[in-house]
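Next come the chains, spelled out residue by residue.
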Amino acid sequence: MLEGAELYFNVDHGYLEGLVRGCKAGLLTERDYVNLVQCETLEDLKIHLQTTDYGNFLANQTNPLTVSKIDTEMRKKLCSEFEYFRNHSLEPLSTFFTYMTCSYMIDNVILLMNGALQKKSVKEILVKCHPLGRFTEMEAVNIAETPSDLFNAVLIETPLAPFFQDCMSENILDELNIELLRNKLYKSYLEAFYKFCKNHGDVTAEIMCPILEFEADRRAFIITLNSFGTELSKEDRETLFPTCGKLHPEGLRLLAQAEDFEQMKRVAEHYGVYKPLFEAVGDGSGGKTLEDVFYEHEVQMNVLAFNRQFHYGVFYAYTKLKEQEMRNIVWIAECISQRHRTKINNYIPIL
Amino acid sequence: MSGKDRIEIFPSRMAQTIMKARLKGAQTGRNLLKKKSDALTLRFRQILKKIIETKMLMGEVMREAAFSLAEAKFTAGDFSTTVIQNVNKAQVKIRAKKDNVAGVTLPVFEHYQEGTDSYELTGLARGGEQLAKLKRNYAKAVELLVELASLQSSSPGLNVPLPISSQSWMRESEKSSIG
């Protein structure tokens, strides 16, 4: 859209970019992780976290401290930061933020649909929804009897409506398996997000498009890997692959035909980016799994996003890095509380 | 020879024959009871040993299963609400069967699988491998639990006939030592 972003970016978004870079500086470093890994109890962990950017976030928690309390508090902190960014943003950054929240909204909608179909109370499900995926029509979900009613009455107002329309016509919503629905929605969401970034052009497209391409290809690989040995047919599998990645179209077609890990690896060898990733996978127990390797690559790409200025990718990268940090802390906390320290160093290092 | 156990008989040859037959019957009865008590004791000891072994194994398996839950959560995110929402029919069920040990019937539990895995596609996009490992670990834990329940429900079943048969055996041995 606007070439020469460095001339215009700071007018609308400079404050927020500065803020997010400050938050990024507060991410835990290697030294912090070494300290955390040496903790003996969760109380020690809490004391160590007080010296970092987390501060006294656990100060109001009653004893005993559990891993789920730590997780909830960290998520609350991330959400308040994200909401602050979102509330202060202007277009087109606010559309970008909306796209970011769509992935959480998809999970929440699936949860609500499931609950509504099983006549569970909406209040209990609302508590379990992801806070970043909150949308105003959430409480209205229980008025619908069938998924197609739900779509016509409630979901058509949300940003998710075009994704539902993409997937299918409404009467198929009733019979579709919930996991297939989730993955189809995610596919159309990813493709829409990719198109938005590409149309925006400039540095944002340069940073976000490779990240989103990797996300699309990663999903294709993981879906293929996890569908070996299940009832998912090859045609169904192919409909779940997002098409905005490097693998489209030949790689996706080859992946849809793959029947074991070796064939998948051969498909990956045609692409320079994915060949070293697959080679880094250890076999069986002890080595890294494919998912670990993908997580590491994603973290690398997100950290590199901060090397350029005047683009929206910093917000996306910060959120993803923060989530990975939360997962790391929860992993270390679980290893400590279960006294199972052999794999405690299997977190994904960020900085 | 204690006074109250004295049997009043008329001293005749027939009475002696009858008494000898009664003595033989009492001795056979006593031997059978001894065999029953021995078999029950043996079975009881076996069950206790198995209970101890299973409990130790249980500790290990539960620990492994809880850790694989943490691993799955690390890769796949929080899937607990999805799993709880989609519960309908049980996949692993238990049948109660009867086992006969020296005349005492003991209940034995046997587990069997029914139906397909309704969580086959959970974690399709993230963490499917870890979820599969998690399912296997917890299935092992459930099997062990069923075995442990089976053993623990048969041990009180043995507790009642065991002392009874040993008491009867002791009474019988008193009687036959007198006669």
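Note that the structure is predicted; figures quoted are calculated from it, not measured.

**Quick look at the overall build of chain B**
For step 1, the next point in the chain: Along the backbone of chain B there are four helices and two strands.
For step 2, the next point in the chain: Here the C-alpha atoms of chain B give a radius of gyration of 28 Å, more than 25% beyond the 16 Å that 2.2 N^0.38 yields for 179 residues.
For step 3, the next point in the chain: Across its three principal axes, chain B shows a C-alpha extent of roughly 95 × 30 × 20 Å.
For step 4, the next point in the chain: For chain B, buried positions account for 30% of its 179 residues.
For step 5, the next point in the chain: When contacts within chain B are restricted to residue pairs at least 6 apart in sequence, those whose partners lie at least 24 apart make up 73%.
For step 6, the next point in the chain: When the accessible area of chain B is evaluated, it comes to approximately 11700 Å², of which 59% is carbon and sulfur surface.
For step 7, the next point in the chain: The centroid of the 29 positive side-chain charges in chain B is displaced by 11 Å from the centroid of its 18 negative side-chain charges.

**Quick look at the overall build of chain A**
For step 1, the next point in the chain: In terms of helices and strands, chain A carries 16 helices and zero strands.
For step 2, the next point in the chain: For a compact globule of 351 residues, the expected C-alpha radius of gyration is about 20 Å, and chain A comes in at 21 Å, within 12% of that figure.
For step 3, the next point in the chain: Projected onto its principal axes, the C-alpha positions of chain A cover 55 × 50 × 50 Å.
For step 4, the next point in the chain: Residues counted as buried form 56% of the 351 residues belonging to chain A.
For step 5, the next point in the chain: Sequence separation of 24 or more characterises 63% of the internal contacts of chain A that already satisfy a separation of 6 or more.
For step 6, the next point in the chain: Total accessible area on chain A stands at roughly 15900 Å², and carbon and sulfur atoms take up 51% of it.
For step 7, the next point in the chain: Chain A carries 36 positive and 51 negative side-chain charges, and their two centres are separated by 4 Å.

**Side note on the interface of chain A and chain B**
When the parts of a complex come together, some accessible area is lost, and that lost area is often used as the size of the interface.
For step 1, the next point in the chain: In this assembly, 40 residues from chain A lie in contact with 26 residues from chain B.
For step 2, the next point in the chain: Buried area between chain A and chain B, summed over both chains or domains, comes out near 2900 Å², and the portion from carbon and sulfur atoms is 54%.
For step 3, the next point in the chain: Where chain A meets chain B, there are two salt bridges.
For step 4, the next point in the chain: Note that A:Glu334 is salt-bridged to B:Lys73, the shortest N-O span being 3.7 Å.
For step 5, the next point in the chain: For the pair chain A and chain B, the number of links is eight residue pairs in polar contact (both at pLDDT 80 or more).
For step 6, the next point in the chain: Those elements that provide at least two residues to the side of chain A that touches chain B are helix H5 (93-117), helix H6 (122-128), helix H9 (178-200), helix H10 (202-227), helix H15 (290-304) and helix H16 (313-337) of chain A.

**Some remarks on helix H4 (residues 67-87) of chain A**
Residues and elements named next belong to chain A.
For step 1, the next point in the chain: In a regular helix each residue adds 1.5 Å, so 21 residues correspond to 30 Å; H4 covers 30 Å between its end C-alpha atoms and thus fits that length.
For step 2, the next point in the chain: Those residues of H4 that sit buried are Val67, Ile70, Glu73, Met74, Lys77, Leu78, Cys79, Glu81, Phe82 and Phe85.
For step 3, the next point in the chain: Here the buried face of H4 lies against helix H1 (5-25), helix H3 (42-50), H5 and H16.

**Brief notes about the state of the cysteines**
Residues and elements named next belong to chain A.
For step 1, the next point in the chain: Applying the stated criterion across every chain yields a total of zero disulfides over all chains.
For step 2, the next point in the chain: The thiol of Cys129 is unpaired, and the distance to the nearest cysteine sulfur, on Cys79, comes to 12 Å.
For step 3, the next point in the chain: The structure places no disulfide on Cys209, whose sulfur is separated from the nearest cysteine sulfur, that of Cys197, by 5.7 Å.

**Observations concerning the nonpolar core**
For step 1, the next point in the chain: Membership of the largest hydrophobic core comes to 131 residues, with the highest contact counts inside it found for A:Leu45, A:Ile70, A:Phe96, A:Phe193, A:Phe221 and A:Ile332.
For step 2, the next point in the chain: Top element by residues in this core is H5(A). It accounts for 15 residues.
For step 3, the next point in the chain: Not counting residues up to four positions away in its chain, the partners in contact with A:Phe193 are A:Phe96, A:Tyr99, A:Met100, A:Met208, A:Leu212 and A:Tyr316.
For step 4, the next point in the chain: Grouped together as the second largest cluster of nonpolar side chains are eleven residues, B:Ile47, B:Ile51, B:Val101 and B:Leu158 included.

**Describing the side chain of A:Glu325**
Residue and element names in this part refer to chain A.
For step 1, the next point in the chain: Tracing the backbone through its elements, the reader meets Glu325 in helix H16.
For step 2, the next point in the chain: Residue Glu325 is classed as buried on the basis of its relative accessible area of 0%.
For step 3, the next point in the chain: Those residues in contact with Glu325 that lie beyond four places of it in its chain are Leu27, Leu28, Tyr33, Tyr54 and Ile350.

**Things to note about the packing of aromatic side chains**
Residue and element names in this part refer to chain A.
For step 1, the next point in the chain: With the rule as written, the count across this model stands at 26 aromatic pairs over all chains.
For step 2, the next point in the chain: For the pair Phe261 and Phe278, a centre-to-centre distance of 6.0 Å together with 35 degrees between the ring planes defines the contact as tilted. With a gap of 17 residues between them, Phe261 in helix H13 (residues 261-268) and Phe278 in helix H14 (residues 274-279) connect regions that are remote in the sequence.
For step 3, the next point in the chain: In this structure an aromatic cluster arises from ring pairing among Phe9, Phe96, Tyr99, Phe163, Tyr186, Tyr189, Phe193, Phe196, Phe310, Tyr312 and Tyr316.

**Examining the pattern of salt bridges**
For step 1, the next point in the chain: Tallied over the full model, the rule gives 23 salt bridges over all chains.
For step 2, the next point in the chain: A salt bridge links A:Glu17 to A:Arg21, with the nearest nitrogen and oxygen atoms 3.1 Å apart. Here A:Glu17 pairs with A:Arg21, and both are found in helix H1, just four residues apart, close to one helical turn.
For step 3, the next point in the chain: A relative accessible area of 3% means that A:Glu17 is categorised as buried.
For step 4, the next point in the chain: B:Glu71 is paired through a salt bridge with B:Lys133; the nearest N and O atoms lie 2.9 Å apart. One end of the pair, B:Glu71, is in helix H1 (residues 13-76); the other, B:Lys133, is in helix H3 (residues 128-159), and 62 residues separate them in sequence.
For step 5, the next point in the chain: Among the residues examined, B:Glu71 registers a relative accessible area of 10% and is labelled buried.
For step 6, the next point in the chain: In this structure, a network of salt bridges that share partners links the residues A:Asp107, A:Glu179 and A:Arg182.

What counts as what
- Residues numbered from 1 in each chain as written.
- Chains lettered and ligands numbered in written order.
- Predicted model: local features only at pLDDT ≥ 70, side-chain atom pairs only at ≥ 80, totals over all residues.
- Heavy atoms only, no water.
- Helix = DSSP H or I, 4+ residues; strand = E, 2+ residues; numbered from the N terminus.
- Rg over C-alpha atoms; globule rule 2.2 N^0.38 Å.
- Buried < 20%, exposed > 50% of the residue type's maximum accessible area, 1.4 Å probe, protein only.
- Contact = heavy atoms within 4.5 Å.
- Areas by Shrake-Rupley, 256 points an atom, 1.4 Å probe, with all protein chains shown as cover.
- Lys, Arg positive; Asp, Glu negative; His and termini not counted.
- Charge placed at Lys NZ, Arg CZ, Asp CG, Glu CD.
- Buried area = accessible area lost by both parts, 1.4 Å probe.
- Salt bridge = Lys/Arg side-chain N within 4 Å of Asp/Glu carboxyl O.
- Polar contact = N/O pair within 3.5 Å; in protein donor to acceptor, adjacent residues only side chain to side chain.
- Expected span 1.5 Å × (residues − 1).
- Disulfide = S-S within 2.5 Å.
- Core = buried A, V, L, I, M, F, W, Y, C linked by side-chain atoms within 4.5 Å.
- Phe/Tyr/Trp six-rings, centres within 6.5 Å; stacked < 30°, edge-to-face > 60°.

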